[in-house]
Amino acid sequence: MASQQPALSILVREPDGFTVWPGPPYPPGSNPPQKLPKTACSATTFSSDGSRLLVTVASTSATVYDCSSLSVIRSFDLPGLTAAALSPTGSYLQTFQKSSSPQVKNVTVWHVDTATATALYQHYQKNLSKATWPMVQFSADESVACRMQTNEMQFFDTKDFTKGIVHKVRFPSIAAMQLASDPGSHVAGFVPEAKGVPASVQIFSCDKDAQNQVVARRSFFRCSTVQFHWNKGSTGLLIVSQADVDKTNQSYYGETKLHYLTTDRAFEGIVPLKKEGPVHDVRWSSSGSEFAVVYGFMPAKATIFNKKCNPLHELGEGPYNTIRWNPKGRFIVIAGFGNLPGDMAFWDYAEKKLVGKTKAEWSVISEWSPDGRHFMTATTAPRLQIDNGIKIFDHSGSLQFKKMFENKLYQADWKPEAPERFDDIAELTTSLSNIKIEDTKKQGQGSKSAQTSSKAPVTIGAKPAGAYRPPQSKHTAALQDKLFGGLAPTGPEMSKTALRNKKRREKQKEKKAGEGSSADDS
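So, here's what we can say about the structure. Worth saying up front: this structure is predicted, and the values here are computed from it rather than measured.

**Digging into the overall build of the protein**
Phase 1: Within the protein one finds three helices and 35 strands.
Phase 2: Out of the 522 residues belonging to the protein, those deemed buried represent 45%.
Phase 3: Contacts in the protein between residues far apart in sequence, at least 24 positions, make up 42% of those at least 6 positions apart.
Phase 4: Entry remark: accessible area of the protein is about 28600 Å², with carbon and sulfur atoms responsible for 51%.

Structure, rendered in structure tokens:
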């Protein structure tokens, strides 16, 4: 017997605290019930596997919840708390507290499940930045843990943090690093450009016996920062290099390039993009064998590549800067958020076809549900202070749920789950080649009288005059009805001005008809 699928959950955080909703679908016109009473906090985050939830109160405490029961596992009193992070399975908590002197160690690694709140490891860190937090990086199974320090990468024994640093990799001038997560077999480090020497990215093995050997290397000019994107399997690394100034004067936001390295050295170079302009977004598929890129000056272009860096499929052009690949790997959303109007295009990658288009204006965050069936967008503060809300769409872009918040909305996140625990999506769309358009029966007629030859004309009652519709529009509507489950709009709604003009034209026709009949009588 198949195992029961996990229930979806959504974390919602407002100014007065956070709560947890059960996942969709929701009854029409109703508010989702709360699985947990609203609790005051300053920040919340799930562990990567969704088993635990970290809730922090600034400068005061950090509390770890068990997500299955939403009960408290452990609460830590931490005066001066600035930041906190859970390891991927929630076994370890690391915290950053304000420190008055280097003698006071302010970064601490705690074991969540121990009976007493004993620090496993501590060190002093002067500054906290997005690029360096969390200080200690873990692989997905927590078998590997490392951190970046001046001119080197340092590794821990995750079975016994009290041993401290067990081995190191010398890396002069290192400014950023990223440990491959699944599995934690490799680590990448970055050295920025300086004094005419190009910037470089180097990949090392996490195997202690081979750590000082460079597995792959890539050097490039015009680069000050990078973003790392490891694939599942830890065999490929995408690098988005960024320069603060575009020396070609084509972009106000600087210059970006996309590079690709493989651990077997099969490819070391720049990704061949077919359009000039910035790299807006890049995502790996759930299998780690393909990646999708949105790039170029507007209208941006979207392309899917295989792990050999060969283009597989074009997703077209449009006002896009965001791409989201669903956890099952079948559906893809390309969208234009931020300062773009919010257009979204839903693609079925298995069928290589567009299945729906819609809009979600002012969206700040967006993500697929773990089962790959729902796509959520949210307008949140502090990015936008008004019109905060949540929208949930199905796989084809049909709006399923919408909720606006009178107060600010700070956060809306799906609780992570392993995609393998959910069934595959069964034939959610119908191939155009298999669609058979059937004649519909007239209301009020018997089944025999309604059956007519496809070539015979159909008598239709008189309809009010309207805009011209081509003959194939009926077939297009039927196709949309099948593709979108009857939820696709049949046409744009009339604006108030258009409606007034229509009524005015109808009154004028009635008036002329009345004048004509009176003239005939005379």
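After presenting the structure, the write-up continues.
**As for the sheet that holds strand β2 (residues 17-22)**
Phase 1: The three strands are arranged β2-β1-β35 in an open sheet whose pairing can be described as antiparallel. Looking along the sheet, the strands with just one partner apiece sit at the ends: β2 and β35 (411-414). Taking the axes of each pair of neighbouring strands and ignoring which way they run, one obtains an average angle of 20 degrees across the sheet.
Phase 2: The pairing of strand β1 (residues 9-14) with β2 spans six bridges and is antiparallel. The partner of Arg13 across the bridge, within β2, is Phe18.

**What to know about the side chain of Asp394**
Phase 1: Note on placement: Asp394 falls in strand β33 (residues 389-394).
Phase 2: Despite its burial, Asp394 remains without a salt bridge, the nearest opposite charge being carried by Arg373 at 10 Å.
Phase 3: At a separation of 3.1 Å, a polar atom in the side chain of Asp394 contacts the main-chain amide nitrogen of Gly397.
Phase 4: In this structure the side chain of Asp394 is engaged in a polar contact, spanning 2.9 Å, whose partner is the backbone nitrogen of Ser398.
Phase 5: Among residues more than four places away in sequence, those in contact with Asp394 are Phe346, Arg373 and Gln400.

**What about the environment of Met148?**
Phase 1: Here Met148 is to be found in strand β12 (residues 145-149).
Phase 2: For Met148 and Val169, which are 21 residues apart along the polypeptide, the C-alpha to C-alpha distance reads 9.8 Å.
Phase 3: Non-local contacts of Met148, meaning those with residues more than four positions away in its chain, are made with Thr132, Met135, Ile174, Ala175, Ala176 and Met177.

**Quick word on the packing of aromatic side chains**
Phase 1: Applying the stated criterion across every chain yields a total of 21 aromatic pairs.
Phase 2: Ring centres of Tyr92 and Phe161 lie 5.2 Å apart, and the angle between their planes is 65 degrees; this geometry places the pair in the edge-to-face category. Residue Tyr92 is found in strand β8 (residues 92-97), and its partner Phe161 is found in the loop between β13 (152-156) and β14 (165-170); the two are separated by 69 residues along the sequence. Take Tyr92 and Phe161: they sit in the same class, and that class is buried.

**Here's the deal with a positive patch on the surface**
Phase 1: The grouping of Arg500, Lys502, Lys503, Arg504, Arg505, Lys507 and Lys509 at the surface amounts to a positive patch.
Phase 2: A relative accessible area of 48% means that Arg500 is categorised as partly exposed.

**Concerning the side chain of Lys415**
Phase 1: Relative to the assigned elements, Lys415 resides in the loop between β35 and α1 (447-450).
Phase 2: The exposure class assigned to Lys415 is buried, which follows from its relative accessible area of 11%.
Phase 3: With residues up to four places along the chain from it excluded, the contact list for Lys415 reads Ser9, Phe46, Gly50, Cys67 and Pro370.

**A short note on the sheet that holds β13**
Phase 1: Spatially, four strands are ordered β11-β12-β13-β14 in an open sheet, and the strand pairing comes out antiparallel. Here the strands that pair on one side only, and so sit at the sheet edges, are β11 (136-138) and β14. Shown here is a sheet whose adjacent strand axes are inclined to one another by a mean of 30 degrees, direction ignored.
Phase 2: Pairing geometry for β11 and β12, over three bridges, is antiparallel. Its bridge partner being in β12, Phe138 is matched across the sheet by Ala145.

**Things to note about the pattern of salt bridges**
Phase 1: On inspection of all chains with the given rule, the structure shows 20 salt bridges.
Phase 2: The residue Glu314 makes a salt bridge to Lys301 at a minimum N-O spacing of 3.8 Å. Placement of the pair is Glu314 in strand β26 (residues 311-318) and Lys301 in strand β25 (residues 300-306), with a sequence separation of 13 residues.
Phase 3: On the basis of relative accessible area, Glu314 is assigned to the partly exposed category, the value being 27%.
Phase 4: For Lys301, a relative accessible area of 17% puts it in the buried group.
Phase 5: For Asp348, the salt bridge goes to Arg330, with nearest N and O atoms at 2.9 Å. Of the two residues, Asp348 sits in strand β29 (residues 343-348) while Arg330 sits in the loop between β27 (322-325) and β28 (331-335), which places them 18 residues apart along the sequence.

**Some points on the nonpolar core**
Phase 1: One finds Phe190, Val201, Ile203, Phe228, Leu237 and Ile239 to be the most contacted residues of the largest nonpolar core, which totals 17 residues.
Phase 2: Among the secondary structure elements, those contributing two or more residues to this core are β16 (186-191), β17 (199-205), β18 (214-220), β19 (225-230) and β20 (236-243).
Phase 3: If we ignore the near neighbours within four places in the chain, the residues touching Val201 are Gly189, Phe190, Ala216, Arg217, Arg218, Phe220, Phe228, Leu237, Ile239 and Leu261.
Phase 4: Among the nonpolar cores identified, the runner-up in size contains 15 residues, and Met376, Ala378, Phe405 and Trp414 belong to it.

**Here we look at the pairing of strand β3 (residues 43-46)**
Phase 1: Because side chains alternate across β3, one face comprises the buried residues Thr44 and Phe46, and the other comprises Ala43 and Thr45, none of which is buried.
Phase 2: As paired strands, β3 and strand β4 (residues 52-57) are joined by four bridges and run antiparallel to one another. When the bridges of β4 are listed, Thr44 appears paired with Val55.
Phase 3: Hairpin connection between β3 and β4: a loop of five residues separates the two successive antiparallel strands, and Gly50 in this loop has a positive phi of roughly 75 degrees.

**Here we look at the state of the cysteines**
Phase 1: The full count for this structure, using the stated rule, is zero disulfides.
Phase 2: With no disulfide of its own, Cys146 lies closest to Cys206 among cysteine sulfurs, the gap being 6.1 Å.
Phase 3: Judged by its relative accessible area of 0%, Cys146 is buried.

**Topic: unusual backbone geometry**
Phase 1: The residue after Asp182, namely Pro183, is reached through a cis peptide bond having omega 0 degrees.
Phase 2: Position of Pro183 among the secondary structure elements: in the loop between β15 (176-179) and β16.
Phase 3: In the segment running from Ala381 into Pro382, the intervening peptide bond is cis, with an omega of 5 degrees.
Phase 4: Relative to the helices and strands, Pro382 is located in the loop between β32 (374-379) and β33.
Phase 5: Phi is positive for Ser59, which is not a glycine, with a value near 65 degrees.
Phase 6: By secondary structure assignment, the location of Ser59 is in the loop between β4 and β5 (61-66).
Phase 7: Overall, Ser59 belongs to the partly exposed group, its relative accessible area being 37%.
Phase 8: For Asp387, which is not a glycine, the phi torsion comes out positive at approximately 55 degrees.

Cut-off values and rules
- Residues numbered from 1 in each chain as written.
- Predicted model: local features only at pLDDT ≥ 70, side-chain atom pairs only at ≥ 80, totals over all residues.
- Heavy atoms only, no water.
- Helix = DSSP H or I, 4+ residues; strand = E, 2+ residues; numbered from the N terminus.
- Buried < 20%, exposed > 50% of the residue type's maximum accessible area, 1.4 Å probe, protein only.
- Contact = heavy atoms within 4.5 Å.
- Areas by Shrake-Rupley, 256 points an atom, 1.4 Å probe, with all protein chains shown as cover.
- Pairing = 2+ DSSP bridges.
- Axes fitted to C-alpha atoms, helices over the stretch in contact; angles between N-to-C directions.
- Lys, Arg positive; Asp, Glu negative; His and termini not counted.
- Salt bridge = Lys/Arg side-chain N within 4 Å of Asp/Glu carboxyl O.
- Polar contact = N/O pair within 3.5 Å; in protein donor to acceptor, adjacent residues only side chain to side chain.
- Phe/Tyr/Trp six-rings, centres within 6.5 Å; stacked < 30°, edge-to-face > 60°.
- Patch = residues over 30% accessible without salt bridge, like charges linked within 9 Å, V, L, I, M, F, W, Y side chains within 5 Å.
- Charge placed at Lys NZ, Arg CZ, Asp CG, Glu CD.
- Core = buried A, V, L, I, M, F, W, Y, C linked by side-chain atoms within 4.5 Å.
- Disulfide = S-S within 2.5 Å.

Function-wise, these values are silent; they only describe arrangement.
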